[in-house]
Amino acid sequence: MIKRIGVLTSGGDAPGMNAAVRSVVRCAIARGYEVYGIHDGFKGMYEGQNIERLYRKSVSEKMGRGGTFIGTGRLPEFDQVEVRKKAIENIKMYGIDALVCIGGNGTYHGALELSKMGIPTVAIPGTIDNDISGTDFTIGFDTALNTAVEAVDKLRDTSSSHRRCSVVEVMGRDCGDLAMWTAIAVGAECVICKETGYDLQEILDNINKAAKSKNHAIIIVAEHMIDVNELAKVVTEKTPFGARTTVLGYIQRGGNPTAKDRVLASEMGVKAISALVDDDLTGVCVAQQGHDIVTMPIEDALNGDDVSPVLEKYKVFKMLW
Ligand code: F6P
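Residue positions within a chain follow its written sequence, with the count starting from 1. Under the rules for a predicted model, residues below a pLDDT of 70 receive no local features and side-chain atom pairs below 80 are neither given nor counted, while totals for whole chains, interfaces and linings still include all residues. The basis for every side-chain value is the complete set of non-hydrogen atoms in the structure, without hydrogens or water.

**Some thoughts on the overall build of the protein chain**
- Counting its regular elements, the protein chain contains eleven helices and eleven strands.
- Using C-alpha atoms as the atom set, the radius of gyration is obtained and then compared with a globule rule of 2.2 Å times the number of residues to the power 0.38. Relative to its length of 321 residues, the protein chain is compact, with a C-alpha radius of gyration of 21 Å against a globular reference of 20 Å.
- The principal-axis extents of the C-alpha atoms in the protein chain amount to approximately 70 × 35 × 35 Å.
- Note on classification: 1.4 Å probe, protein chains only; a residue is buried when its accessible area is under 20% of the maximum for its type, exposed when over 50%, partly exposed between these limits. For the protein chain, the residues scored as buried account for 55% of the 321 residues in total.
- In the protein chain, the proportion of contacts linking residues at least 24 apart, taken out of those at least 6 apart, comes to 75%. A run of H or I in DSSP becomes a helix once it reaches four residues, and a run of E becomes a strand once it reaches two; helices and strands are each numbered from the N terminus. Between two residues, a contact is recorded if the distance between any of their heavy atoms is within 4.5 Å.

If you want it as structure tokens, here you go:
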């Protein structure tokens, strides 16, 4: 019988993680369980130094705050069984007998291994990358997208004043969602991501076509794809626009979560508690599928290939050009 539930956030922080922790805490306490916050993710679980009881009041005024108030961290060594054993010993000292882990792919791997080692564990998708299979959206993606769109809107003001092309790099790890959604939302001329590939001649053709009717152009590039400075040089040489680069970077991870992320986080927290205490599930993760919030095996989320329909969105992007 579960009595004490531990909650942690792991990997890169994402706006809405606080709302998810709040949801887990409030929902579990309302159902008669005690909740403990394990600070700094799996790293904190392994170090065992900063584990504290969370009360209803502990999560007051956290809903709208970016970042994660219980901290996060990356611990690649968590794939070692001895490291996980030590982490489990630490939480057992607090009487924690079940876990909710909020994060991305790395967190899912850790959560799955913990569940195999006998700790009832449920994962919640929290990452700006939207790169988890089986869920339409991850917590944080909508906020990061809105941050990127707002930034590019500002860049457009200056680039159109100077007759320039803005080459903007966005995050996303290996997933093109953030790039593609941003490109559509700002009406970019070009988008470059893993799913679409990179064709320099096509890019130059598009920019030259834009130069005939517009005083600016925008190219959105997903991180890890190309050197944006090199591309800007070529665009400057081969088109009428002078090109300038902007790497949006970590600003995309910050900021108050959008209403959409807050609601998604709240729904997912409730579902995670229900999966643990009502359905006795372990090794599962929460996902949004259409209008439904469901659970599915973490293994399926890790092995699935339906990460995101980027190419479907690309068809729309091209039709708008
Ligand atoms: O997974 C979120 C993310 O921000 C990715 O978009 C990015 O590639 C990565 O984390 C950066 O990681 P770190 O915080 O370790 O620099």
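What follows continues from the structure just given.
**Some thoughts on the site of the ligand**
- Neighbouring the ligand are the residues Arg74, Thr127, Asp129, Met171, Gly172, Arg173, Glu223, Tyr250 and Arg253.
- Glycine 172 is positioned with one of its backbone polar atoms (N or O) 3.3 Å from an oxygen atom of the ligand.
- Looking at the shell around the ligand residue by residue, the classes come out as two nonpolar, two polar and five charged.
- Segmentation into domains, and thus their bounds, comes from an automatic or database assignment. Composition of the shell around the ligand by domain shows at least three residues from each of domain 1 (4-140 + 257-305) and domain 2 (142-253). Residues are counted as near a molecule or strand when any one of their heavy atoms sits within 4 Å of it. Polar contact criterion, stated in full: a pair of N or O atoms within 3.5 Å, where within protein one must be able to donate a hydrogen and the other to accept it, and residues adjacent in sequence count only if both atoms are side-chain atoms. Amino acids outside the nonpolar list (Ala, Val, Leu, Ile, Met, Phe, Trp, Tyr, Cys, Pro) and the charged list (Asp, Glu, Lys, Arg) are all regarded as polar, and Gly is one of them.

**Looking at the domain arrangement of the protein chain**
- Split by domain assignment, the protein chain resolves into domain 1 (4-140 + 257-305) and domain 2 (142-253).
- At the junction of the two partners, domain 1 supplies 15 residues and domain 2 supplies 13 residues.
- Summed over both sides, the interface between domain 1 and domain 2 buries roughly 1200 Å², with carbon and sulfur atoms accounting for 50% of that surface.
- The term salt bridge refers to a side-chain nitrogen of Lys or Arg lying within 4 Å of a carboxyl oxygen of Asp or Glu. Our count for the contact surface shared by domain 1 and domain 2 stands at three salt bridges.
- Across the pair arginine 253 and aspartate 13 runs a salt bridge, and its minimum N-O distance is 2.8 Å.
- At the junction of domain 1 with domain 2, the criterion picks out ten residue pairs in polar contact (both at pLDDT 80 or more).
- Its residues assigned to classes, the side of domain 1 that touches domain 2 comprises four nonpolar, five polar and six charged. Buried area: the sum, over both parts, of the accessible surface (1.4 Å probe) that disappears when the two are put together.

**Considerations on the nonpolar core**
- Counting residues in each nonpolar core, the largest one holds 62 residues, and the members touching the most others are Ile5, Val100, Ile124 and Ile220.
- Split by domain, the residues of this core number at least three in each of domain 1 (4-140 + 257-305) and domain 2 (142-253).
- Setting aside anything within four residues of it in sequence, one finds isoleucine 5 in contact with Ala28, Tyr33, Glu34, Val35, Tyr36, Ile96, Ala98, Val100, Ile273, Leu276 and Val277.
- Take the buried residues of types Ala, Val, Leu, Ile, Met, Phe, Trp, Tyr and Cys, join any two whose side-chain atoms come within 4.5 Å, and each joined set is a nonpolar core. One finds Ile38, Phe42, Ala87 and Ile119 within the second-largest nonpolar core, a separate group that totals 27 residues.

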